[in-house]
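Here is how the chains run, residue by residue.
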Amino acid sequence: MFDHLKELPADKILALMQAYKDDPRETKIDLGVGVYKNPEGVTPIMRAIKTAEKRWWESEDTKAYTGLAGDPAFSDALIGLVLGDVVSREQVAAVATPGGTGAVRQAFELVKMANPEARVFVSDPTWPNHLSILKHLGMETVAYRYFDEESGGVDFDGMMADLKGVKPGDVVLLHGCCHNPTGANLTSPEWDAVIKLMNDTGAVPMIDIAYQGFGDGLEADAAGTRAVVKGCPEVLIAASCSKNFGIYRERTGLLMAVSHDASKHKVTQGNLAYLNRQNYSFPPDHGARLVSLVLTTPDLRADWEAELEDVRTGMLELRKQLAAELQRLSGSDRFGFVGQHRGMFSRLGLSPEHVEALRRDHGIYMVGDSRINIAGLNQKTVPILAEAIVEVGA
Ligand code: LMR
């Protein structure tokens, strides 16, 4: 049987992680995979998570199964964090999933179950795993223009022109904040225009929100998602806790299916639980438990918010420093967008040859499309990166 298996292309981001590990140079710099690192290059366990873990260890008295949808307290807490009070709880069907990727996967499967004809519109570019999962599920994808390589901003006219091609029941995948891989995000009026288009065409928005709190702050980063939920009759949302709670390996995410028609809740909730059962039965609980403890315990929540804010502002400082350094060394404003982008990532707009030269000659690792993880830098390595970019002639 195994003879029939074909070799599959490696995931580019994960292959890059390995290549970086294998590089013996001490001066190497990892700007690849989207994992937060502090100035010392460490991905720390957040203080509130560590404390929640201690408290939970003291009080946990069983490892018996949770429900198929996971712990309801986790769903309630995360729905509150992402959606605030824009909808009532009865309008949100939700299941815990293994990470944000699990939520994305279950969302696509739900779309397929509900409407096998649905096409999924994805930004060009998007997180490569979106495309890979859709391909694996045999779902049709349509790319819409998103990024203007020249300005480093959103090509909003192109995006809207391409989205005019959606049919009722098609799904439009949007990034809630901190667009991966570009770092370029929609403004509030642009979100409003997208919402109008969704309503005019009958397409269903799906939002992947994996970096809430990394861009402009917890509330600001959720504003687009909340506007969509308020303005559209049905919305799918895949939320990840990997980055903003720093619990990558615990695999903690939530899939939400919002309908303004509360009579849809029971069947939708049942379908989500069914999908969990078919794929892995019960979702992981440990990370979800830590998140709900942090969010519902005032001292832990305050400490988490403070630490997350430090993480966010630290990345913003690095952005500003890099934009200024590139301006100084290149004598042009070409890279000014780095300071405007938000979140962990910026797509620099370098050619594959430049990306390769940075890796080969300088030990600087970024994704092949020239996406950098800002958190892979610190004050000392920003000038090294800027000099290397200018030196390879980018
Ligand atoms: C990334 O884009 O680097 C992260 O979302 C990690 C991953 O799984 O690809």
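Predicted model, so just to flag it, every value in this text is computed and none were measured.

### Side note on the site of the ligand
No. 1: Surrounding the ligand, one finds Ile 13, Val 33, Gly 34, Trp 127, Asn 180, Tyr 211, Lys 243 and Arg 371.
No. 2: Here an oxygen atom of the ligand sits 2.7 Å away from a polar atom, N or O, in the main chain of Gly 34.
No. 3: Between the ligand and the protein, one listed contact pairs an oxygen atom with a side-chain N or O atom of Arg 371 at 2.9 Å.
No. 4: In isolation the ligand has 260 Å² of accessible area, and contact with the protein removes 81% of it.
No. 5: Partitioned by chemical class, the residues of the shell around the ligand number 4 nonpolar, 2 polar and 2 charged.
No. 6: Both domains that meet at the shell around the ligand, namely domain 1 (11–44 + 313–391) and domain 2 (65–296), each give it at least three residues.

### Here's the deal with the pairing of strand 3 (residues 120–124)
No. 1: The element strand 3 is extensively covered by neighbouring structure, given that 4 of its 5 residues are classed as buried.
No. 2: Summarising the sheet, strand 3 and strand 4 (residues 141–145) pair through 5 bridges and their orientation is parallel. The partner of Val 122 across the bridge, within strand 4, is Ala 143.
No. 3: Taken together, strand 3, helix 5 (residues 128–136) and strand 4 constitute a β-α-β crossover, and its handedness is right-handed.
No. 4: Direction of pairing for strand 3 relative to strand 7 (residues 171–175): parallel, over a ladder of 2 bridges.

### Observations regarding the sheet that holds strand 4
No. 1: Strands sit in the order 2-10-9-8-7-3-4 across an open sheet of 7 strands; the sheet is mixed. With partners counted over all chains shown, the strands left at the sheet margins are strand 2 (92–97) and strand 4, one partner each. Across the sheet, the mean angle from the axis of one strand to that of its neighbour is 25 degrees, orientation sign disregarded.
No. 2: As paired strands, strand 7 and strand 8 (residues 204–209) are joined by 5 bridges and run parallel to one another. Each bridged residue has a counterpart across the sheet, and for Leu 173 the counterpart in strand 8 is Met 206.
No. 3: Sitting on the sheet, helix 3 (residues 72–83) is in contact with strand 2, strand 8, strand 9 (234–240) and strand 10 (253–259), with an inclination near 70 degrees to strand 10.
No. 4: Against the sheet, helix 6 (residues 156–163) contacts strand 3, strand 4 and strand 7, and its axis sits at roughly 145 degrees relative to strand 4.

### Section: the domain arrangement of the chain
No. 1: Segmentation of the chain into domains returns domain 1 (11–44 + 313–391) and domain 2 (65–296).
No. 2: Domain 1 and domain 2 are separated by 28 Å when their C-alpha centres are compared.
No. 3: Every contact between the two is made by 18 residues of domain 1 and, on the other side, 22 residues of domain 2.
No. 4: Together domain 1 and domain 2 conceal approximately 1,500 Å² of surface at their shared face, both sides included; 57% is due to carbon and sulfur atoms.
No. 5: Ranking the residues of domain 1 by area buried against domain 2 places Arg 342, Phe 345 and Arg 347 at the top, with a combined share of 37%.
No. 6: Put simply, domain 1 and domain 2 have 2 salt bridges between them.
No. 7: With its nearest N and O atoms 2.7 Å apart, the salt bridge here joins Glu 149 to Arg 347.

### So, helix 8 (residues 218–231)
No. 1: Compared with an ideal rise of 1.5 Å per residue, which puts 14 residues at 20 Å, helix 8 spans 20 Å between its outermost C-alpha atoms and is within 8% of the ideal.
No. 2: Among all positions in helix 8, only Leu 218, Asp 221, Ala 222, Gly 224, Thr 225, Arg 226, Val 228 and Val 229 are buried.
No. 3: Residues of helix 8 that are buried in the fold lie against helix 3, helix 7 (188–201), strand 8, strand 9, strand 10 and helix 11 (298–330).

### Observations regarding the pattern of salt bridges
No. 1: Within the structure shown, the criterion is met by 23 salt bridges.
No. 2: Across the pair Lys 264 and Asp 261 runs a salt bridge, and its minimum N-O distance is 3.1 Å.
No. 3: Here the residues in one salt-bridge network are Arg 47, Asp 303 and Glu 307, joined through shared partners.

### As for the packing of helix 6 against helix 7
No. 1: Relative orientation of the contacting elements helix 6 and helix 7 amounts to 10 degrees, with a least axis distance of 11 Å. It follows from the interaxial angle that helix 6 and helix 7 lie roughly parallel. Every residue of helix 7 that contacts helix 6 at Phe 156, Met 159, Met 160 and Leu 163 is listed here: Glu 190, Ala 193, Val 194 and Leu 197.
No. 2: Residues of the contact of helix 6 with helix 7, tallied by class, amount to 7 nonpolar, no polar and 1 charged.

### Section: the packing of aromatic side chains
No. 1: The tally for this structure, following the rule as stated, stands at 7 aromatic pairs.
No. 2: A ring pair is formed by Phe 245 and Trp 304, whose centres lie 4.3 Å apart and whose planes are at 5 degrees; its orientation type is stacked. Within this pair, whereas Phe 245 is found in the loop between strand 9 and strand 10, its partner Trp 304 is found in helix 11, the two being separated by 59 residues in sequence.
No. 3: According to the relative accessible area criterion, Phe 245 is buried, its value standing at 0%.
No. 4: Aromatic side chains Phe 335 and Phe 337 sit 6.2 Å apart centroid to centroid with 55 degrees between the ring planes, which places their arrangement in the tilted category. We note that Phe 335, like Phe 337, is buried.
No. 5: A connected cluster of aromatic rings, assembled from ring pairs, spans Tyr 36, Tyr 211, Phe 214 and Phe 345.
No. 6: The ring of Tyr 20 has Lys 28 sitting right over it, with the charged end atom 4.5 Å from the ring centre.

### Comments concerning the nonpolar core
No. 1: If you look at the biggest cluster of nonpolar residues, it comprises 103 residues, and the most contacted ones within it are Leu 78, Leu 83, Ile 237, Phe 245, Met 256, Trp 304 and Met 366.
No. 2: For this core, the leading source of residues is helix 11, giving 9 residues.
No. 3: Two domains each provide a minimum of three residues to this core, namely domain 1 (11–44 + 313–391) and domain 2 (65–296).
No. 4: With 26 residues, the next largest nonpolar core counts Ala 69, Phe 108, Leu 236 and Ala 257 among its residues.

Calculation notes
Residues numbered from 1 in each chain as written. Predicted model: local features only at pLDDT ≥ 70, side-chain atom pairs only at ≥ 80, totals over all residues. Heavy atoms only, no water. Near = heavy atom within 4 Å. Polar contact = N/O pair within 3.5 Å; in protein donor to acceptor, adjacent residues only side chain to side chain. Areas by Shrake-Rupley, 256 points an atom, 1.4 Å probe, with all protein chains shown as cover. Nonpolar A, V, L, I, M, F, W, Y, C, P; charged D, E, K, R; others polar. Domains from an automatic or database assignment. Buried < 20%, exposed > 50% of the residue type's maximum accessible area, 1.4 Å probe, protein only. Helix = DSSP H or I, 4+ residues; strand = E, 2+ residues; numbered from the N terminus. Pairing = 2+ DSSP bridges. Right-handed = clockwise from strand over helix to strand, strands pointing away. Axes fitted to C-alpha atoms, helices over the stretch in contact; angles between N-to-C directions. Contact = heavy atoms within 4.5 Å. Buried area = accessible area lost by both parts, 1.4 Å probe. Salt bridge = Lys/Arg side-chain N within 4 Å of Asp/Glu carboxyl O. Expected span 1.5 Å × (residues − 1). Parallel < 35°, antiparallel > 145°, perpendicular 65-115°, else oblique. Phe/Tyr/Trp six-rings, centres within 6.5 Å; stacked < 30°, edge-to-face > 60°. Lys NZ or Arg CZ within 6 Å of the ring centre and 35° of its normal. Core = buried A, V, L, I, M, F, W, Y, C linked by side-chain atoms within 4.5 Å.

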